[in-house]
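Each chain is listed here by its residues.
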Amino acid sequence: MEQLLVYTLTPLIVLYAIIPVILDGVERKLKAALQSRIGPPVTQTIYDLLKLVLVKEIKTQPTILYVYLSLTSSIVTGLASLYYITLYALRGDQVDMFYALALFAITTSTHTVTPLIVPNPYSFIGGIREVVLGVVNEAALITSISLYTIMAQRSVLKSTQWVTIIAVALVALTAFIASYVASSRVPFDIAEAEPEVASGIFVEFSGSVLALNIYSLLLRRLIVKLLVLAPTVGLLYGFSLTGLLVVLLLLPATWVTYATVAVILGRSRVDVAPLTLAKIYIALILISITVLLVQAYA
Amino acid sequence: MSIKSSILKRSIWVFHLNTGSCNACDIEILDALTPFHDAERFGVKLVVSPRHADAMLLTGPVTAEALPKVINAIEAMPRPRMIIALGSCGCGGGIWHDTYSTIGGVNKLLEILKERGIVVDAVYYVPGCPIRPEALLYAVALIKGIVSKKREMKIYKAE
Ligand code: SF4
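Report on the accompanying structure. (Residues numbered from 1 in each chain as written. Chains lettered and ligands numbered in written order. Predicted model: local features only at pLDDT ≥ 70, side-chain atom pairs only at ≥ 80, totals over all residues. Heavy atoms only, no water.)

**A few points about the interface of chain B and chain A**
So, step 1. Of the residues lining the interface, 24 residues belong to chain B; the matching set on chain A comes to 30 residues.
So, step 2. Between chain B and chain A, the buried area comes to about 2400 Å², and carbon and sulfur atoms account for 63% of it.
So, step 3. Taken as a group, Glu-40, Val-48 and Arg-51 of chain B account for 25% of the area that chain B buries against chain A, more than any other trio of residues on that side.
So, step 4. Arg-51 of chain B is the salt-bridge partner of Glu-204 of chain A, the closest N and O atoms lying 2.9 Å from each other.
So, step 5. For the interface between chain B and chain A, the tally reads 15 residue pairs in polar contact (both at pLDDT 80 or more).
So, step 6. Among the secondary structure elements, those contributing two or more residues to the side of chain B that touches chain A are helix 1 (3-10) and helix 3 (67-76) of chain B.
So, step 7. Broken down by element, the residue count for the side of chain B that touches chain A peaks at four residues, all from helix 1 of chain B.
So, step 8. Within the side of chain B that touches chain A, the residues separate by chemical class into eleven nonpolar, four polar and nine charged. (Contact = heavy atoms within 4.5 Å. Buried area = accessible area lost by both parts, 1.4 Å probe. Salt bridge = Lys/Arg side-chain N within 4 Å of Asp/Glu carboxyl O. Polar contact = N/O pair within 3.5 Å; in protein donor to acceptor, adjacent residues only side chain to side chain. Helix = DSSP H or I, 4+ residues; strand = E, 2+ residues; numbered from the N terminus. Nonpolar A, V, L, I, M, F, W, Y, C, P; charged D, E, K, R; others polar.)

**Focus: the packing of aromatic side chains**
So, step 1. Under the definition given, this model contains four aromatic pairs over all chains.
So, step 2. Every member of this aromatic cluster is reached through a ring pair, and the members are Tyr-83, Tyr-84 and Tyr-99 of chain A.
So, step 3. Seen from the ring of Trp-13 of chain B, Lys-51 of chain A lies directly overhead, with NZ or CZ sitting 4.0 Å from the centre.
So, step 4. Across from the ring centre of Trp-255 of chain A, 4.0 Å away, lies the NZ or CZ of Lys-225 of chain A, which sits over that ring. (Phe/Tyr/Trp six-rings, centres within 6.5 Å; stacked < 30°, edge-to-face > 60°. Lys NZ or Arg CZ within 6 Å of the ring centre and 35° of its normal.)

**Notes on the pattern of salt bridges**
So, step 1. Evaluated as defined, the whole model comprises 13 salt bridges over all chains.
So, step 2. Note that Asp-24 of chain A and Arg-221 of chain A form a salt bridge whose closest N and O atoms lie 3.6 Å from each other. Placement of the pair is Asp-24 of chain A in helix 1 (residues 2-34) and Arg-221 of chain A in helix 9 (residues 207-237), with a sequence separation of 197 residues.
So, step 3. The exposure class of Asp-24 of chain A is buried, given its relative accessible area of 9%.
So, step 4. For Arg-221 of chain A, a relative accessible area of 2% gives the class buried.
So, step 5. For the salt bridge of Asp-121 of chain B with Arg-79 of chain B, the shortest nitrogen-to-oxygen distance reads 2.7 Å. Remark: Arg-79 of chain B occurs in the loop between helix 3 and strand 4 (82-86) and Asp-121 of chain B occurs in the loop between helix 5 (106-115) and strand 5 (122-126); sequence separation between them is 42 residues. (Buried < 20%, exposed > 50% of the residue type's maximum accessible area, 1.4 Å probe, protein only.)

**Points about the site of the ligand**
All names here are of chain B.
So, step 1. Close to the ligand lie Ser-21, Cys-22, Ala-24, Cys-25, Gly-87, Ser-88, Cys-89, Trp-96, Gly-128, Cys-129 and Pro-130.
So, step 2. Elements supplying a minimum of two residues to the shell around the ligand: helix 2 (24-33) and helix 4 (87-92).
So, step 3. Counting residues per element, the shell around the ligand draws most heavily on helix 4, which supplies three residues.
So, step 4. Considered class by class, the residues forming the shell around the ligand number seven nonpolar, four polar and no charged. (Near = heavy atom within 4 Å.)

So, in structure tokens, the structure goes:
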């Protein structure tokens, strides 16, 4: 078992490090398709980050060292959190999930505190807004996922008690909503809504510090999705290597779903928006009817 | 083309700076960024801070009042930095080219920047009053090397 863990986890951590950048590119392409435009290539996020690393950074802040330290620790704890989520998906040991949640809390707080240590009032205002949202949402996220982890036993599904099933469903719904908000998407995209609010948390950063900030944000998006996917798959499928593979297969689908919700909540092209919306509704209804028919005749 | 310049050209983040324009050019910039013209397909993204920007979209003839802020904003951009001068005003001052309250467009601005030792790596001119969104996209395509220059710049001076 121990050897299996090493063989499975080492390449997975490398995969986790690159997957958010690729999925963000897919998300941007999907958003463009839903808004009836061509959009950037799937590799655009990689180009953006590489470009930021290549440009000459402006080091005006006296606190630059602390900024680097807090961002690096945010990324390292993020990857460690992903390691424990994977262990949980493999073994179903609840302690692993609690470790993952604790590490995720450190990732979020170190990332959120970064704009507050920069001597720029606009950065500070943006940072305070992020802290307020974090305090409200992070508490809900950690509580709901802890409860979900405790309840996510296969026996729950066999329970004849409707109350139990309703309770699990409600906790799962809360966890999914909190994970959507924690993924910083519309209308909770404080970091990305900078062009509209003009006092964003990234306002003072340039070059590689900005690249680290954006990467840390993308990594958090990956963690919050896996935090809800792992107990869901455990509940419906069980905890095993196959269960972990199911989690990884469901990851792009969840990412795409969150992106679609963000587009629906955001703006679109006024002239073609109703048509695009109609296409989405028709696709969703057709999928539901197909699933129902397959279930009826199977 | 080196790998570095090829990567830099694939991601062009723009910062919009109005230096005293009548606002018509600014509205056309927003038009170029809407889903209809879809500037993002060329890797263009509007950013709020000059710290994030690779190119500055400069509209207006640069009023004397705006000049110190314009210099600050350009200095705040990381290098390599570009200026895309937009409209008749941005390119040469337009109808305000010789009024007392403006410096008369990007060329005068470049002279002032040079005096202060602030380097601008490239300047692109997009004429029009106001500019068309397609013209702005042409400038982006020019930066990326997809299209070639339409005209050589000529400066006509009154006798
Ligand atoms: S070029 Fe024309 S439209 Fe543009 S800012 Fe000047 S006067 Fe206005």
